[in-house]
Amino acid sequence: MTVVGTSVQLQTPMYFFLCNLSIIDIGLSSTIVPTLLINTVARDKSISLLECGVQMYFHLGLGCTECITLSVIAYDRYAAICQPLHYYQIMSKTVCICLASGSWTVSLINSAIHVVLTFQLPFCRSNHLNHFFCEIPPFLYISCGDPWLNELAMYIAASIIGLCSFLLTLISYFSIVLTILKMCSTEGRIKAFSTCASHLTVFFLYYGTILFMYLHPHSDNYPETSKTVSIIYTVVTPMLNPIIYSIRNGDVKRSIKNKLGLLI
């Protein structure tokens with residue numbers, strides 16, 4: 001984020017969205033990881049209702065924002081590779097700001113709706129949550145009421161936001177691959193395929209685990225599997241994103257070397 005903010009050559013739409021993704025990943029990890037680390041060593045693993053609600057709100061909101069942002073990054077790459085002459089017209093400054101602010105707004109409103117619906121459920125069985133942080137699916141298992149409205153809201157949100165983002169990303173990369181195959185330069189094709197492959201690896205890892213967590217039926221309770229799946233999209237993916245999207249990027253590496261050279 002510092003390198004992008006201080007490098008003139010990185011003031012492009014792609015790096016604007018990568019900075020946005022970095023903010024999301026920092027927020028997502030900060031919402032989950034500190035509590036997870038404390039709970040591994042602390043005897044008292046309790047959490048207040050307010051803290052739980054805040055954690056659920058920001059986790060869900062940031063996770064949803066990341067879904068949309070990954071699809072926007074894929075669309076940005078499609079515009080740059082498949083429509084290079086019209087790229088700065090398609091991805092103008094106004095469009096970039098609208099896409100970024102729109103993704104945050106939609107995600108945070110969606111998160112607020114789900115949190116309110118979750119905490120309206122009656123919990124008369126147990127206050128023990130078999131999970132390492134406050135997430136909606138485990139709450140549905142300990143509720144003694146019928147969570148049909150919560151499930152319906154989750155399915156609608158996952159279908160509209162998750163699946164639409166998923167399809168947009170797939171279509172964008174499919175178009176990119178077709179364009180790459182038409183390239184004359186073998187070296188250019190290999191470089192482009194390498195970049196797309198790494199992006200798609202993180203993409204499938206993130207979307208696959210989220211869709212499994214939020215779309216599998218409430219009656220199918222797999223607590224240990226759910227915890228493993230949650231670790232992937234709350235810890236592993238935010239750790240991989242800076243490497244896949246930034247450190248492997250030639251422009252970013254050159255900018256970092258230049259900044260380090262100036263400091264030395």
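Please read all numbers here as calculations on a predicted model, not as lab measurements. (Residues numbered from 1 in each chain as written. Predicted model: local features only at pLDDT ≥ 70, side-chain atom pairs only at ≥ 80, totals over all residues. Heavy atoms only, no water.)

**Topic: the overall build of the protein chain**
Step number 1: Within the protein chain one finds 10 helices and 0 strands.
Step number 2: Scaling as 2.2 N^0.38, a compact globule of 264 residues should have a C-alpha radius of gyration of about 18 Å, and the protein chain matches this with 20 Å.
Step number 3: Taken along the three principal axes of its C-alpha coordinates, the protein chain extends 65 × 45 × 35 Å.
Step number 4: Taken over 264 residues, the protein chain has a buried fraction of 45%.
Step number 5: Within the structure as shown, the protein chain displays about 13,900 Å² of accessible surface, and the carbon and sulfur contribution to it stands at 69%. (Helix = DSSP H or I, 4+ residues; strand = E, 2+ residues; numbered from the N terminus. Rg over C-alpha atoms; globule rule 2.2 N^0.38 Å. Buried < 20%, exposed > 50% of the residue type's maximum accessible area, 1.4 Å probe, protein only. Areas by Shrake-Rupley, 256 points an atom, 1.4 Å probe, with all protein chains shown as cover.)

**A few points about the environment of Phe139**
Step number 1: Turning to its location among the elements, Phe139 is positioned in helix H6 (residues 136-142).
Step number 2: On the accessibility criterion, Phe139 (7% relative accessible area) is buried.
Step number 3: Placed 18 residues apart in sequence, Phe139 and Leu121 show a C-alpha to C-alpha distance of 8.9 Å.
Step number 4: Every residue in contact with Phe139, bar those within four places of it in the chain, is listed here: Cys52, Met56, Thr118, Phe119, Phe123, Leu129 and Cys134. (Contact = heavy atoms within 4.5 Å.)

**Overview of a nonpolar patch on the surface**
Step number 1: A cluster of nonpolar side chains, namely Trp148, Leu149, Leu152, Ile156 and Ile160, defines an oily patch on the protein surface of about 490 Å² accessible area.
Step number 2: With respect to the secondary-structure elements, Ile160 resides in helix H7 (residues 148-181). (Patch = residues over 30% accessible without salt bridge, like charges linked within 9 Å, V, L, I, M, F, W, Y side chains within 5 Å. Salt bridge = Lys/Arg side-chain N within 4 Å of Asp/Glu carboxyl O.)

**Description of the UniProt feature "transmembrane region" (unreviewed entry) in the protein chain**
Step number 1: On the UniProt side, "transmembrane region" (unreviewed entry) is annotated at positions that read residues 15-38, 95-117, 155-181, 193-216 and 228-247 here.
Step number 2: Span residues 193-216 is 96% helix and 0% strand, its end C-alpha atoms 33 Å apart.
Step number 3: Structurally, residues 228-247 comprises 100% helix and 0% strand, and the distance from its first C-alpha atom to its last is 27 Å. (UniProt positions renumbered as here; feature names shortened; annotations may be inferred.)

**Side note on the state of the cysteines**
What is meant by a disulfide is a covalent connection between two cysteines, made through their sulfur atoms.
Step number 1: Counted under the stated rule, the structure contains 1 disulfide.
Step number 2: What pairs with Cys52 in a disulfide is Cys134, and their sulfur atoms sit 1.9 Å apart. Between Cys52 and Cys134, the S-S torsion sits near -120°, and that sign places the bridge as left-handed. Remark: Cys134 occurs in the loop between helix H5 (93-118) and H6 and Cys52 occurs in helix H3 (residues 49-82); sequence separation between them is 82 residues. Side by side, Cys52 and Cys134 carry an identical accessibility label, which is buried. (Disulfide = S-S within 2.5 Å.)

**A closer look at the packing of aromatic side chains**
Step number 1: This structure, assessed with the given rule, holds 14 aromatic pairs.
Step number 2: When the ring of Phe166 is compared with that of Tyr207, the centres are 5.7 Å apart and the planes differ by 65°; the resulting orientation is edge-to-face. Remark: Tyr207 occurs in helix H8 (residues 186-215) and Phe166 occurs in helix H7; sequence separation between them is 41 residues. Accessibility classification places Phe166 together with Tyr207 in one group, the buried group.
Step number 3: What links up through ring pairs into an aromatic cluster is the set Phe166, Phe203, Phe204, Tyr206, Tyr207 and Tyr233. (Phe/Tyr/Trp six-rings, centres within 6.5 Å; stacked < 30°, edge-to-face > 60°.)

**Observations concerning the side chain of His59**
Step number 1: Assignment of secondary structure puts His59 in helix H3.
Step number 2: Judged by its relative accessible area of 4%, His59 falls in the buried class.
Step number 3: Discounting chain neighbours no more than four positions away, the residues touching His59 are Leu28, Thr31, Ile32, Phe133, Glu135, Tyr214, Tyr233 and Thr234.

**What to know about the packing of H3 against H5**
Step number 1: With their axes 8 Å apart at the nearest point, H3 and H5 run at an angle of 145° to one another. In this structure, H3 meets H5 at a crossing whose hand is right-handed. Only Leu99, Ser103, Trp104, Ser107, Leu108, Asn110, Ser111, Ala112, His114, Val115 and Thr118 of H5 make contact with H3, whose side of the interface consists of Gly53, Met56, Tyr57, Leu60, Gly61, Leu62, Cys64, Thr65, Ile68, Thr69 and Val72.
Step number 2: Here the residues of the contact of H3 with H5 are counted per class, giving 12 nonpolar, 10 polar and no charged. (Axes fitted to C-alpha atoms, helices over the stretch in contact; angles between N-to-C directions. Left-handed = near helix turned anticlockwise from the far one by under 90°. Nonpolar A, V, L, I, M, F, W, Y, C, P; charged D, E, K, R; others polar.)

**Describing the confidence of the model for the protein chain**
Step number 1: Of the residues in the protein chain, 95% have a pLDDT of 70 or more, and the chain-wide mean is 85.
Step number 2: Averaged pLDDT values over the elements of the protein chain bottom out at 72 in helix H10 (residues 250-263) and peak at 94 in H5. (pLDDT = per-residue confidence, 0-100.)

**A few points about the packing of H3 against H7**
Step number 1: One can describe the packing of H3 onto H7 by two numbers: an axis separation of 9 Å at closest approach and a directional angle of 20°. Relative to H7, the element H3 is oriented roughly parallel. Crossing hand, H3 versus H7: left-handed. Residues Cys64, Cys67, Ile68, Leu70, Ser71, Ala74, Tyr75, Arg77, Tyr78, Ile81 and Cys82 of H3 touch H7, and the partners they reach there are Ile161, Ser165, Leu168, Thr169, Ser172, Tyr173, Ser175, Ile176 and Thr179. (Parallel < 35°, antiparallel > 145°, perpendicular 65-115°, else oblique.)

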